Amino acid sequence: MKQSFYDLNFSDLEAVVNQNNLNPSVAAVLFNWHYKKKQSSQCHNKISKSSLAFFEQNFDFFLPEIDTVYESQKDRSVKFLFKLKDNHKVETVLIPFNNKYSICLSSQVGCAMNCSFCFTGEQGLKRNLTTSEIVGQFLKAWRWLAANRPGEERILNIVFMGQGEPLHNFDAVKKACEIFLSQHGTSIGVQKITVSTAGYIPGLKRWSREAPGVNLALSLHSPFEEKRNELIPINKKYPLDEVLAYIDKIPLNKKQFVTYEYILIKDFNDSPDDAKKLGMLLAGKSAYINLIPFNSFPGSRYRCPDLDKVEKFKEVLDAFKIPTLIRGAKGDDVLAACGQLNSNNQY
Ligand code: SAH
């Protein structure tokens with residue numbers, strides 16, 4: 001089987017070019033064509049016939065296919081169901097903000113974490129995505145915007161908050177980040193990429209040494225051990241205090257902070273006591289809290305909290321001087337909001 005061109009970061013591609021005695025400029029030309037210009041055709045710009053033939057013979061340029069597009073009627077969110085080569089399916093979401101978009105990428109088919117509040121967990125883990133399947137979600141979503149909402153093909157932020165636990169698929173996610181960051185390609189800034197984890201320690205251990213400087217988010221959801229065990233079963237194996245200790249070791253630059261995500265679930269973790277304990281846990285850290293009112297999905301056992309409870313929760317955190325944002329649900333009419341992705345459940 002041919003290797004996918006989209007599995008190569010820039011230095012991999014340079015190595016291929018060197019080993020095969022091709023013109024050294026070919027690596028930059030190809031990255032520019034496929035990632036900056038986001039062309040779907042073969043590159044025919046500033047590249048010799050023999051180099052082109054080499055890549056056609058040795059690499060495939062296949063990307064996941066768009067199976068179904070769901071456009072929110074409420075806001076301009078778009079959810080894509082992608083079909084992979086082996087017929088597995090994953091979802092990707094474009095989230096609008098001021099005529100621009102953030103993209104929420106999947107890193108695995110399904111997920112092994114089995115969090116009790118998340119629709120994806122019910123699918124179980126089928127397999128990891130390859131780097132080409134991750135960057136492919138971005139390229140295909142961009143091209144869809146260019147074709148269907150011309151002028152709006154501006155995807156400025158990338159979040160790994162779709163299906164899967166990105167740190168459970170460290171190598172492919174890392175390489176995808178390197179491709180997004182490459183100056184020869186999409187050239188997205190380190191501050192614009194966020195990888196979100198449920199607290200998978202083997203991945204966090206590698207993070208401080210190997211991560212390409214992008215932002216990290218932790219799904220915290222409860223400062224109390226028992227409640228977190230119920231929500232995120234891997235907390236039994238990788239408890240929160242250890243997770244936080246690893247995160248504290250990650251070197252951050254002055255402008256950087258770690259995002260802590262907190263789902264608010266009615267009558268479960270939405271009381272002022274929960275907020276106070278959370279504040280005590282995070283006070284003094286370079287932290288930013290995202291409060292996410294629970295999004296329901298078919299068969300979910302939890303409920304969304306009342307708005308006044310959400311606001312009270314934030315007030316308690318404000319007293320700890322931790323910047324806190326209440327995240328509004330976008331795209332929930334097409335099951336595109338946080339925790340609503342499930343590629344087995346199409347309606
Ligand atoms: N596995 C990673 C990334 C996927 S989830 C992680 O756990 O961080 C991305 C965010 O959506 C996480 O903060 C997750 O906890 C949250 N989420 C999952 N299900 C949700 C739901 N039903 N309602 C609101 N947020 C949810």
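Quick caveat: nothing in here was measured; it's all calculated off a predicted structure.

Cut-offs and rules
- Residues numbered from 1 in each chain as written.
- Predicted model: local features only at pLDDT ≥ 70, side-chain atom pairs only at ≥ 80, totals over all residues.
- Heavy atoms only, no water.
- UniProt positions renumbered as here; feature names shortened; annotations may be inferred.
- Helix = DSSP H or I, 4+ residues; strand = E, 2+ residues; numbered from the N terminus.
- Near = heavy atom within 4 Å.
- Polar contact = N/O pair within 3.5 Å; in protein donor to acceptor, adjacent residues only side chain to side chain.
- Areas by Shrake-Rupley, 256 points an atom, 1.4 Å probe, with all protein chains shown as cover.
- 1 Å grid on protein atoms, 1.4 Å probe; cavity = no way out; pocket = protein on both sides within 12 Å on 5 of 7 lines; lining within 4 Å.
- Sits in = over half its atoms within 2 Å of the grid points.
- Nonpolar A, V, L, I, M, F, W, Y, C, P; charged D, E, K, R; others polar.
- Pairing = 2+ DSSP bridges.
- Axes fitted to C-alpha atoms, helices over the stretch in contact; angles between N-to-C directions.
- Points joined across faces, edges and corners; volume = space filled by probe spheres on them.
- Parallel < 35°, antiparallel > 145°, perpendicular 65-115°, else oblique.
- Left-handed = near helix turned anticlockwise from the far one by under 90°.
- Contact = heavy atoms within 4.5 Å.
- Phe/Tyr/Trp six-rings, centres within 6.5 Å; stacked < 30°, edge-to-face > 60°.
- Lys NZ or Arg CZ within 6 Å of the ring centre and 35° of its normal.
- Core = buried A, V, L, I, M, F, W, Y, C linked by side-chain atoms within 4.5 Å.
- Buried < 20%, exposed > 50% of the residue type's maximum accessible area, 1.4 Å probe, protein only.
- Domains from an automatic or database assignment.
- Buried area = accessible area lost by both parts, 1.4 Å probe.
- Salt bridge = Lys/Arg side-chain N within 4 Å of Asp/Glu carboxyl O.

Another aspect to go through is the UniProt feature "domain: Radical SAM core" (unreviewed entry) in the protein chain. Taking the UniProt record as the reference, the feature "domain: Radical SAM core" (unreviewed entry) is found at residues 97-332. Its end C-alpha atoms 15 Å apart, residues 97-332 is made of 34% helix and 19% strand.

Neighbouring the ligand are 20 residues; Phe117, Ser196, Ser219, His221 and Gly339 lie closest to it. Serine 219 has a polar side-chain atom sitting 2.7 Å from an oxygen atom of the ligand. Interatomic distance of 2.9 Å between a backbone N/O atom of asparagine 295 and a nitrogen atom of the ligand. Alone, the ligand offers 530 Å² of accessible surface; in the complex the protein occludes 96% of this. Here the ligand is seated within the largest cavity. For the shell around the ligand, the class distribution of residues is 10 nonpolar, eight polar and two charged.

Let us look at the sheet that holds strand β3 (residues 65-71). One open sheet accounts for 10 strands, arranged β3-β4-β5-β6-β9-β10-β11-β12-β13-β14; its pairing is mixed. With partners counted over all chains shown, the strands left at the sheet margins are β3 and β14 (324-326), one partner each. Averaged over all pairs of adjacent strands, the angle between strand axes in this sheet comes to 25 degrees, irrespective of strand direction. Here strand β11 (residues 215-219) runs beside strand β12 (residues 258-264); their pairing, made up of three bridges, is parallel. Along β12, the bridge assignment pairs leucine 218 with tyrosine 260.

If you add up the space inside the largest pocket, you get close to 930 Å³. Looking at the largest pocket, it is lined by 35 residues, and the ones nearest its centre are Ser102, Val159, Met161, Asn290 and Arg327. Sorting the residues of the lining of the largest pocket by element identifies β5 (89-97), β6 (100-104), β9 (155-160) and β13 (287-293) as the ones contributing at least two each. Within this model, the second largest pocket holds a volume of roughly 240 Å³. Residue lining of the second largest pocket: 15 residues in total, with Ser4, Lys85, Thr130, Ser132 and Glu133 positioned closest to the centre.

Moving on: the packing of helix α6 (residues 201-210) against helix α8 (residues 240-248). Running from N to C, α6 and α8 point in directions that differ by 15 degrees, and their axes come no closer than 9 Å. The angle between α6 and α8 places the two elements in the roughly parallel class. Of the two elements, α6 crosses α8, and the hand of that crossing is left-handed. When α6 is examined against α8, the residues Ile201, Leu204 and Lys205 are found in contact with a partner set consisting of Glu242, Val243, Tyr246 and Ile247. Residue composition of the contact of α6 with α8, by class: five nonpolar, no polar and two charged.

So, on to the packing of aromatic side chains. Enumeration over the complete set of coordinates arrives at 20 aromatic pairs. Ring geometry for phenylalanine 5 and phenylalanine 61: centres 5.0 Å apart, planes at 25 degrees, overall stacked. Of this pair, phenylalanine 5 sits in the loop between β1 (3-4) and α1 (10-19) while phenylalanine 61 sits in the loop between β2 (59-60) and β3, placing them 56 residues apart in sequence. Note on phenylalanine 80 and phenylalanine 82: the rings are 5.8 Å apart at their centroids and 25 degrees apart in plane angle, and the pair reads as stacked. An aromatic cluster is defined as three or more aromatic residues linked by ring pairs; in this entry it consists of Phe5, Tyr6, Phe10, Phe31, Tyr35, Phe54, Phe55, Phe59 and Phe61. One residue, lysine 79, lies across the ring of tyrosine 70, its end atom 5.2 Å from the ring centre.

Note that soluble globular proteins tend to have their nonpolar side chains buried in a common cluster. By size, the foremost hydrophobic cluster in this structure holds 101 residues, and its most contacted members are Phe55, Phe117, Phe160 and Phe180. Counting the residues that make up this core, at least three belong to each of domain 1 (3-60) and domain 2 (65-334). Among residues more than four places away in sequence, those in contact with phenylalanine 55 are Phe5, Leu13, Val16, Val17, Leu22, Val26, Leu30 and Phe61. Ranked by size, the runner-up nonpolar core spans eight residues in total, among them Cys104, Val159, Ala336 and Leu341.

Segmentation of the protein chain into domains returns domain 1 (3-60) and domain 2 (65-334). For domain 1 versus domain 2, the separation of C-alpha centres amounts to 32 Å. On the domain 2 side, the residues contacting the 18 residues of domain 1 number 17 residues. Of the roughly 1400 Å² buried between domain 1 and domain 2, counting both surfaces, carbon and sulfur atoms make up 60%. Linking domain 1 with domain 2 are two salt bridges. In this structure, the salt-bridge partner of aspartate 12 is lysine 175, at a minimum N-O distance of 2.7 Å.

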